[in-house]
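Residue-level structure breakdown
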Amino acid sequence: MPTGHENEGYRRLFETDGLTFGVGFPLTGTNRSTPDPEAEIRLAKRAEAVGFDGLWARDVPTYWPKFGDAGQTFDPWPWLSHVAAHTDEIALGTSSIVLPLRHPIHVAKSAATVDRLSDGRLVLGVASGDRDPEYPAFGVDRDERGALFRDHVETLRTLWRDEFPEREGRWGSLDGALDVVPKPMAETIPLLPTGNARQSREWIAERGDGWLFYHLPERTLTDYLDAWREAAGEKPFAMAVRAELADDPTAEPEQLHLGYRAGTEWFQDYFRRLAELGVDHVIVSIENDDPERGIERFAAAIIDAD
């Protein structure tokens with residue numbers, strides 16, 4: 001069974017009272033070219049200082065202009081190692097590693113390395129992927145991604161838990177002659193399947209340490225959370241929200257793609273409702289021409305007001 005609660009990052013995100021907040025890279029808002037690393041690190045340190053609980057890096061192996069963005073551009077493993085060296089206690093997350101496009105031995109080793117270098121702060125969102133041209137680029141049959149995702153999740157657990165493991169899959173085989181090191185700080189690194197990942201809700205509830213989902217309208221979110229609690233009990237539920245703070249604190253909400261533009265008063269009520277519904281953590285994409293001011297405004301109005 002998953003034991004992600006022993007991980008320091010997982011505790012930071014999910015074992016505190018009330019709703020916790022994270023923010024996703026690129027913090028500078030640059031998502032079609034290479035962000036400035038120094039600016040990103042400065043904003044990451046500022047986010048930690050003002051009370052955010054998580055920093056989340058996306059896994060976008062290739063840039064597909066039709067999809068609209070290149071994520072944070074940098075590969076998540078060296079990037080999160082760099083972030084770990086410049087932060088102290090904030091959780092480091094992936095949203096999310098595309099498991100069918102990566103060899104599980106590489107994922108196990110890279111993730112455990114970041115986990116060790118960050119003193120156990122790594123939490124892994126994992127996904128089956130959604131950019132169609134990437135599958136032929138990696139020689140992967142997109143119709144097999146659901147089965148590959150299941151196999152890789154079980155393989156990661158085995159590689160982290162067992163010394164000189166025996167395991168066979170479409171990726172290859174281990175017969176007990178080789179070990180994969182380092183091991184994580186805890187028995188496993190928490191795994192949060194993202195979206196449906198081509199799996200049943202029951203599979204996610206049993207195999208995952210929680211569930212990471214996209215922004216949903218509140219009525220739909222209520223139905224999802226009710227079903228999740230029935231299947232998973234108290235395992236956490238995290239979601240992503242795009243938030244643009246209007247200058248007028250009393251401004252009513254305007255629908256954005258995957259979020260809202262509204263005044264701080266509305267956002268205070270909105271996040272309070274999410275907490276009451278049972279959401280445990282929100283990854284916020286803060287829209288602001290001045291990224292540092294956006295981070296500080298959100299923290300002062302929402303996190304400190306909680």
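Everything below is about the structure printed above this text.
To keep things clear, this report deals only with the structure shown in the data block.

Calculation criteria
Residues numbered from 1 in each chain as written. Predicted model: local features only at pLDDT ≥ 70, side-chain atom pairs only at ≥ 80, totals over all residues. Heavy atoms only, no water. Helix = DSSP H or I, 4+ residues; strand = E, 2+ residues; numbered from the N terminus. Rg over C-alpha atoms; globule rule 2.2 N^0.38 Å. Buried < 20%, exposed > 50% of the residue type's maximum accessible area, 1.4 Å probe, protein only. Contact = heavy atoms within 4.5 Å. Areas by Shrake-Rupley, 256 points an atom, 1.4 Å probe, with all protein chains shown as cover. Lys, Arg positive; Asp, Glu negative; His and termini not counted. Charge placed at Lys NZ, Arg CZ, Asp CG, Glu CD. Phe/Tyr/Trp six-rings, centres within 6.5 Å; stacked < 30°, edge-to-face > 60°. Axes fitted to C-alpha atoms, helices over the stretch in contact; angles between N-to-C directions. Parallel < 35°, antiparallel > 145°, perpendicular 65-115°, else oblique. Pairing = 2+ DSSP bridges. Right-handed = clockwise from strand over helix to strand, strands pointing away. Salt bridge = Lys/Arg side-chain N within 4 Å of Asp/Glu carboxyl O.

Moving on, we come to the overall build of the protein. A tally of regular secondary structure across the protein gives 10 helices and 12 strands. On C-alpha atoms alone, the protein measures out to a radius of gyration of 19 Å, which is about the 19 Å that the 2.2 N^0.38 rule sets for 306 residues. Principal axes of the C-alpha set define a box for the protein whose edges measure 65 × 45 × 35 Å. Counting only residues that meet the buried cut, the protein has 53% of its 306 residues in that class. For the protein, long-range pairs separated by at least 24 residues make up 69% of all intrachain contacts whose partners lie at least 6 apart in sequence. Approximately 13600 Å² of the protein is accessible, and the part contributed by carbon and sulfur atoms is 46%. On the protein, the mean spot of the 33 positive side-chain charges and the mean spot of the 55 negative ones are 3 Å from each other.

What follows is about the side chain of T264. Relative to the helices and strands, T264 is located in helix α9 (residues 264-277). Overall, the relative accessible area of 11% leaves T264 in the buried class. For T264, the residues in contact, after removing those within four places along its chain, are L245, P249, R297, A301 and I302.

Turning our eyes to something else, we now look at the packing of aromatic side chains. Any two aromatic rings considered together are summarised by their centre-to-centre distance and by the angle between their planes. Evaluated as defined, the whole model comprises 22 aromatic pairs. Ring plane angle 75 degrees and centroid distance 5.3 Å describe the contact between W266 and F267, whose orientation is recorded as edge-to-face. Assessed through its relative accessible area of 16%, W266 is described here as buried. Look at F267 and you get buried, because its relative accessible area is 0%. With 5.9 Å between their ring centres and 20 degrees between their planes, F267 and F271 make a pair best called stacked. Of this pair, F267 and F271 both sit in helix α9, separated by four residues, roughly a single helical turn. F271 shares its class with F267; the two are buried. Members of the aromatic cluster, each reached through a chain of ring pairs, are F21, F52, Y260, W266, F267, Y270, F271 and F298.

Bringing the packing of helix α3 (residues 76-85) against helix α4 (residues 104-117) into the picture now. The geometry of a pair of packed helices is captured by two quantities: the angle between their axes and the separation between those axes. With their axes 9 Å apart at the nearest point, α3 and α4 run at an angle of 5 degrees to one another. Classified by the angle between their axes, α3 and α4 sit roughly parallel to one another. Of the residues in α4, those touching α3 at W77, L80, S81 and A84 are V107, S110, A111, V114 and L117.

With that settled, the discussion passes to the pairing of strand β9 (residues 237-245). In this structure, strand β8 (residues 211-213) lies alongside β9, joined through three bridges in parallel fashion. Pairing of L212 across the sheet is with A238, part of β9. Handedness of the β8-helix α8 (residues 218-232)-β9 crossover: right-handed. Sheet topology places β9 next to strand β12 (residues 281-286); six bridges connect them, and they run parallel. Its bridge partner being in β12, R242 is matched across the sheet by S285. With four bridges joining them, β9 and strand β11 (residues 259-262) adopt parallel strand pairing. Within the sheet, the bridge partner assigned to A243 lies in β11 and is Y260.

The next thing to look at is the pattern of salt bridges. Tallied over the full model, the rule gives 22 salt bridges. Across the pair E144 and R170 runs a salt bridge whose closest N-O atoms are separated by 2.5 Å. With E144 in the loop between α5 (134-137) and α6 (145-161) and R170 in the loop between β5 (166-169) and β6 (172-175), this pair connects stretches of sequence that are 26 residues apart. Here E144 falls in the partly exposed class, since its relative accessible area comes to 29%. What makes R170 exposed here is its relative accessible area of 57%. As a salt-bridge pair, R207 and E206 come within 3.1 Å of each other at their nearest N and O atoms. Each of the salt bridges in this network shares a partner with another, and the network as a whole consists of R42, R46, E292 and E296.

Interpretation note: all reported values are geometric properties and have no functional meaning in isolation.
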